[in-house]
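# Geometric and topological summary
Chain by chain, the residues run as shown.
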Amino acid sequence: MKATPLRLALIGDYNPHVTAHQAIPVALQQAADTLGMTVDVHWLDTDTLPESLHDFDGFWCVPATPYRDTDGALRAIRFAREQRRPLLGTCGGFQHALLEYARNALGWVDAEHGEVAPDAKRAVITPLTCALVEATDTVRLMPYTRIAEAYGTLDLEEGYRCRYGVNPEFASALLEGDLIATGHDCAGDLRAVELLGHPFFVATLFQPERAALKGIAPPLAIALLKACQEQSA
């Protein structure tokens, strides 16, 4: 009897010219092949999300912001967080995972993303001191975390295409509870987080999906599908 395919939702506004959007479906197929499973990938534009998200086994909140509908992206992230569905957020997905957590877990109802609300008093996401556009940088992972387990190492070289990251003014308060820092660059800036007590809620400012375009199955794509498989069993 053939196993039922996993249903994975990609949260973001598809653009065929965005490198990450080209890479993510390839990454997921490579990961599925590695694990010997089948995955059905569904793009969900932020402004046309279905009313119910219960049909999806997992979520990947993808790069390329600003999204057409910030609230739509945050609704999907909140669903994954509260309903314990595996979620991976990369680049813009990292930023919005932090924003959703700030608003709905910490109760910071005035939390904003500086890309769409640059004058907000509580902009938890603000421009990086040095934009990481088509850049590669080192990342040091925290041991005994999901992301370290996925990579099997603590030292990475990863690619970015990003202009925004966590506002240092709010970083400590954001990371006081179950959301923890799991990766930093060589300057000590935050590059990855995950949520304690959740089956798989991992977000990175870098774009691990880019490895797929070099024929390498990204470890985080494999880890995401493994978590989906375990949750749906």
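Being a predicted model, the structure only gives us computed values, none of them experimental. (Residues numbered from 1 in each chain as written. Predicted model: local features only at pLDDT ≥ 70, side-chain atom pairs only at ≥ 80, totals over all residues. Heavy atoms only, no water.)

## Quick look at the packing of helix α2 (residues 70-82) against helix α3 (residues 92-105)
One can describe the packing of α2 onto α3 by two numbers: an axis separation of 9 Å at closest approach and a directional angle of 75 degrees. Judged on the interaxial angle alone, α3 and α2 are roughly perpendicular. Each of Thr70, Asp71, Leu74, Ile77, Arg78 and Arg81 in α2 lies in contact with α3, whose residues at this interface are His96, Ala97, Leu99, Glu100, Tyr101, Arg103, Asn104 and Ala105. Of the residues contributing to the contact of α2 with α3, the split by class is 6 nonpolar, 3 polar and 5 charged. (Axes fitted to C-alpha atoms, helices over the stretch in contact; angles between N-to-C directions. Helix = DSSP H or I, 4+ residues; strand = E, 2+ residues; numbered from the N terminus. Parallel < 35°, antiparallel > 145°, perpendicular 65-115°, else oblique. Contact = heavy atoms within 4.5 Å. Nonpolar A, V, L, I, M, F, W, Y, C, P; charged D, E, K, R; others polar.)

## A closer look at α2
Compared with the 18 Å implied by 1.5 Å per residue over 13 residues, the 18 Å span of α2 between its first and last C-alpha is a close match. Among the residues making up α2, those that are buried are Thr70, Gly72, Ala73, Leu74, Ala76, Ile77, Phe79, Ala80 and Arg81. Each element contacted by the buried residues of α2 is listed here: β1 (6-11), β3 (58-61), β4 (87-90), α3, β9 (190-195) and β10 (201-204). Regarding α2, its N-cap is aspartate 69, as a side-chain oxygen of that residue lies 3.1 Å from the backbone nitrogen of aspartate 71 further along. With its phi angle positive at about 60 degrees, arginine 84 sits one or two positions after the end of α2. (Expected span 1.5 Å × (residues − 1). Buried < 20%, exposed > 50% of the residue type's maximum accessible area, 1.4 Å probe, protein only. Polar contact = N/O pair within 3.5 Å; in protein donor to acceptor, adjacent residues only side chain to side chain.)

## So, the packing of aromatic side chains
With the rule as written, the count across this model stands at 5 aromatic pairs. Ring centres 5.8 Å apart and planes at 70 degrees place the aromatic pair phenylalanine 59 and phenylalanine 79 in the edge-to-face group. With phenylalanine 59 in strand β3 and phenylalanine 79 in helix α2, this pair connects stretches of sequence that are 20 residues apart. The two residues phenylalanine 59 and phenylalanine 79 agree in class, both being buried. (Phe/Tyr/Trp six-rings, centres within 6.5 Å; stacked < 30°, edge-to-face > 60°.)

## Description of the layout of surface pockets
Taken as a whole, the largest pocket encloses approximately 360 Å³ of empty space. Contributing elements (two or more residues each) for the lining of the largest pocket: β6 (123-141), β7 (155-166), α5 (168-174), β8 (179-185) and β9. If you tally residues by element for the lining of the largest pocket, the top one is β6, at 7 residues. By residue class, the composition of the lining of the largest pocket is 10 nonpolar, 6 polar and 4 charged. (1 Å grid on protein atoms, 1.4 Å probe; cavity = no way out; pocket = protein on both sides within 12 Å on 5 of 7 lines; lining within 4 Å. Points joined across faces, edges and corners; volume = space filled by probe spheres on them.)

## Let's talk about the packing of helix α1 (residues 19-35) against helix α6 (residues 219-232)
Interhelical geometry of α1 versus α6 gives an angle of 65 degrees and a closest axis separation of 8 Å. The crossing of α1 and α6 is right-handed. Between α1 and α6, the residues in contact are Ala27, Leu28, Ala31, Ala32, Thr34 and Leu35 and Ala221, Ile222, Leu224, Leu225 and Lys226, respectively. Here the contact of α1 with α6 is built from residues that sort into 9 nonpolar, 1 polar and 1 charged. (Left-handed = near helix turned anticlockwise from the far one by under 90°.)

## Focus on α3
A rise of 1.5 Å per residue sets the reference length of α3, with its 14 residues, at 20 Å; its end C-alpha atoms lie 19 Å apart and thus fit the reference within 8%. Of all 14 residues in α3, 12 are buried; the element is thus mostly enclosed. By the burial criterion, the buried members of α3 are Gly92, Gly93, Phe94, Gln95, His96, Ala97, Leu98, Leu99, Glu100, Tyr101, Ala102 and Arg103.

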